[in-house]
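Summary of structural features
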Amino acid sequence: HITSEKFYVEACDHGADDVLAIDRVSTEVTLTVKKDVPPSAVTRPIFGILGTIRLVAGTYLIVITKKKKVGEIFSHAIWKATDFDILSYKKTMLHLTDIQLQDNKVFLSMLNHVLSVDGFYFSTSYDLTHTLQRLANTSPEFQEMSLLERADPRFVWNGHLLREFAAQPEIHRFATPVMHGFITMHSCSINGKCFDWLLVSRRSCFRAGVRYYVRGIDSEGHAANFVETEQIVHYKGSKASFVQTRGSIPFFWSQRPNLKYKPKPQISKSVNHMDGFQRHFDSQIISYGKQMIVNLVNQKGSEKPLEQTFAKMVTSMANGMVRYVAFDFHKECSRMRWDRLQILMDKLADQQDEFSYFLVDSDGKIEGIFRSNCMDCLDRTNVIQSLLARRSLQAQLQRLGVLHVGQRIEEQADFEKIYKNAWADNANACAKQYAGTGALKTDYTRQVSLSCKGLLGTGKRTQWGLIMDGWNSLIRYYKNNFSDGFRQDAIDLFLGNYSVDEVEPASPLHDKKDWKFLALPIIMVVAFSMCIICLLMAG
């Protein structure tokens with residue numbers, strides 16, 4: 001309910017009388033009741049509060065205005081937020097200069113850009129930020145906490161926007177923790193036995209950003225493009241979970257865009273890599289247990305120094321909880337030899353059997369996880385993760401009695417189609433959020449079929465798949481070089497890595513350009529004009 005003095009947010013739960021009152025002048029947030037809402041207020045439905053943010057014009061309230069039901073996890077509704085609105089506390093912009101108005105408009109367009117990227121999910125009754133195993137190993141006190149209080153801060157993308165709500169426990173239930181990534185749910189049937197199969201990818205908001213602007217780790221050990229992917233099976237009350245992670249190569253390196261198709265990666269020479277490297281794996285071991293690193297980068301060319309440094313640092317760290325395997329994906333699978341992926345799967349089989357998977361209400365426990373990476377942690381990584389997840393799923397479905405002895409998942413045509421398409425959709429979602437386009441090699445993911453003996457009906461690359469990869473590569477090249485700076489700034493603003501100062505004298509949006517920046521466009525325009533004149537006046 002909107003009035004000139006306040007925003008009133010009414011809880012619509014059955015029997016609820018609580019109303020959140022937000023003062024548009026003092027920005028104070030208090031609790032009140034329905035009868036205090038003025039009848040003159042303009043009323044509209046919303047589905048959640050994303051949070052508040054300060055821009056040049058003052059404070060703004062961001063709300064979810066449209067949602068789409070994804071499905072249910074253990075009877076809890078899961079929603080995708082599909083539209084948002086940014087409401088100004090200020091009733092007029094007359095207090096701003098023309099330059100401030102323009103700056104405010106740019107900052108608003110940045111927020112709208114982040115909100116337009118697909119993949120924001122929330123639930124009002126289920127904690128989406130934790131894996132099944134983390135949720136199962138909690139105390140009664142944890143269960144009593146609000147969703148905002150207990151959420152894993154790595155995966156709450158509106159954590160910065162909700163900082164004022166977090167400071168007032170009595171209003172926590174009005175705050176909606178939102179994760180970014182991908183969720184798909186399917187009700188499946190094999191041998192007449194119905195079960196739910198879910199795939200959840202959670203993107204970390206620490207060291208978040210776009211492809212060439214964010215690589216490696218920060219001083220806290222947070223890796224770029226870190227994503228936790230969980231595969232869940234629910235059958236007759238039994239719940240099984242298999243978790244994997246992906247993240248940029250965890251030391252200090254960069255790959256800034258420079259108009260080349262593939263800029264050369266630069267490993268920093270001025271910092272102590274081991275400090276951040278150690279911090280990264282210490283936190284990973286606390287969260288997940290043993291780490292099996294699967295490094296898929298090229299072992300020659302510009303990627304070779306990254307692979308060598310990674311291997312050397314794992315050896316130097318000498319931590320028995322961290323193991324390392326390198327597999328040159330492009331070399332091994334060159335000329336469409338996708339069957340050679342089985343070499344890697346055979347290498348990892350014993351390790352996967354040791355790590356196992358998590359089974360609720362049994363002795364099943366994840367002892368460790370696979371941490372996969374390539375350069376972007378997108379295309380090659382997704383192919384390998386889908387194969388590891390399939391092998392785990394085979395064991396889970398046999399343990400739960402869905403698959404008979406000797407039966408294989410790839411023989412179940414209907415489920416196979418669901419499985420492959422879901423993993424390809426997951427690849428596309430992660431790629432669009434980081435690189436700006438859909439993933440490459442998804443035609444392979446949609447077809448690949450593995451058995452323990454080798455490839456059954458080898459997943460083949462299609463001509464159309466190769467054309468789409470070429471098209472996506474061109475789009476990535478353009479975006480990475482000409483529009484990713486804006487995308488990175490937008491993410492930094494949204495996550496609170498950059499804060500707008502209302503009284504800041506010099507705006508970072510106004511950078512005086514040297515005459516050299518204008519020279520090339522002017523020369524190109526003159527040259528093009530002369531070319532056209534010559535063609536028209538050739539006679």
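Notes on the structure in this doc start here. Worth saying up front: this structure is predicted, and the values here are computed from it rather than measured.

1. Comments concerning helix α9 (residues 341-355)
With 15 residues, α9 extends 20 Å from end C-alpha to end C-alpha; this agrees with the ideal 21 Å at 1.5 Å per step. Remark: the principal bend of α9, roughly 45°, maps to alanine 349. For α9, every residue scored as buried is listed here: Leu341, Gln342, Leu344, Met345, Leu348, Ala349, Gln351, Gln352 and Phe355. The positive-phi residue at the C-terminal boundary of α9 is serine 356, with phi of around 60°.

2. Description of unusual backbone geometry
Even without a glycine there, the phi angle at threonine 27 is positive, about 65°. Along the chain, threonine 27 falls in the loop between β2 (18-23) and β3 (29-33). With a relative accessible area of 26%, threonine 27 lands in the partly exposed category. In this model, leucine 259 sits at a positive phi of 75°, which is unusual for a non-glycine residue. Residue position: leucine 259 is located in the loop between β12 (253-254) and β13 (266-267).

3. A few points about empty space enclosed by the protein
Per the counting criterion, the structure on display carries 2 cavities of 30 Å³ or more. Looking at the largest cavity, its volume works out to about 90 Å³. If you trace the largest cavity, you find it lined by His113, Val114, Val117, Trp157, His180, Gln433, Arg487 and Ile491. Where the lining of the largest cavity is concerned, the elements lending two or more residues are α1 (98-116) and α14 (484-495). The residue makeup of the lining of the largest cavity, split by class, is 4 nonpolar, 3 polar and 1 charged. There is about 60 Å³ of room inside the second largest cavity. For the second largest cavity, the full set of lining residues is Tyr121, Phe122, Ser123, Tyr126, Asp127, Leu128, Thr129, Leu147, Ala151, Pro177, Val178 and Met179. Within the lining of the second largest cavity, the residues separate by chemical class into 9 nonpolar, 2 polar and 1 charged.

4. Concerning the packing of aromatic side chains
With the rule as written, the count across this model stands at 18 aromatic pairs. Between the aromatic rings of phenylalanine 251 and phenylalanine 310, the centroid separation amounts to 6.4 Å while the plane-to-plane angle is 75°, which identifies the pairing as edge-to-face. Within this pair, whereas phenylalanine 251 is found in the loop between β11 (238-246) and β12, its partner phenylalanine 310 is found in helix α7 (residues 304-317), the two being separated by 59 residues in sequence. The class for phenylalanine 251 is buried, based on a relative accessible area of 0%. Of the residues examined, phenylalanine 310 reaches a relative accessible area of 0% and is grouped as buried. Between phenylalanine 310 and tyrosine 324, the ring centres sit 5.3 Å apart and the planes meet at 70°, which makes this aromatic pair edge-to-face.

5. Quick notes on helix α13 (residues 463-482)
Along an α-helix, residues three or four apart share an orientation, since each turn contains 3.6 residues. Relative to the 28 Å expected for 20 residues at 1.5 Å per residue, α13 spans 29 Å between its end C-alpha atoms, a close match to the ideal helical length. Among the residues of α13, Gly465, Asp469, Asn472, Ser473, Arg476, Asn480 and Asn481 are the ones counted as buried. For α13, the angular spread of buried residues about the axis comes to 145°, placing them on one side. Of the exposed residues in α13, those oriented more than 90 degrees away from the buried face are Gln463, Trp464, Ile467, Leu474, Tyr478 and Phe482.

Parameters and conventions
- Residues numbered from 1 in each chain as written.
- Predicted model: local features only at pLDDT ≥ 70, side-chain atom pairs only at ≥ 80, totals over all residues.
- Heavy atoms only, no water.
- Helix = DSSP H or I, 4+ residues; strand = E, 2+ residues; numbered from the N terminus.
- Expected span 1.5 Å × (residues − 1).
- Bend = angle between axes of the 7 residues up to and from the residue.
- Buried < 20%, exposed > 50% of the residue type's maximum accessible area, 1.4 Å probe, protein only.
- 1 Å grid on protein atoms, 1.4 Å probe; cavity = no way out; pocket = protein on both sides within 12 Å on 5 of 7 lines; lining within 4 Å.
- Points joined across faces, edges and corners; volume = space filled by probe spheres on them.
- Nonpolar A, V, L, I, M, F, W, Y, C, P; charged D, E, K, R; others polar.
- Phe/Tyr/Trp six-rings, centres within 6.5 Å; stacked < 30°, edge-to-face > 60°.
- Arc of directions from axis to C-beta.

By themselves, these figures tell us nothing about what the structure is for.
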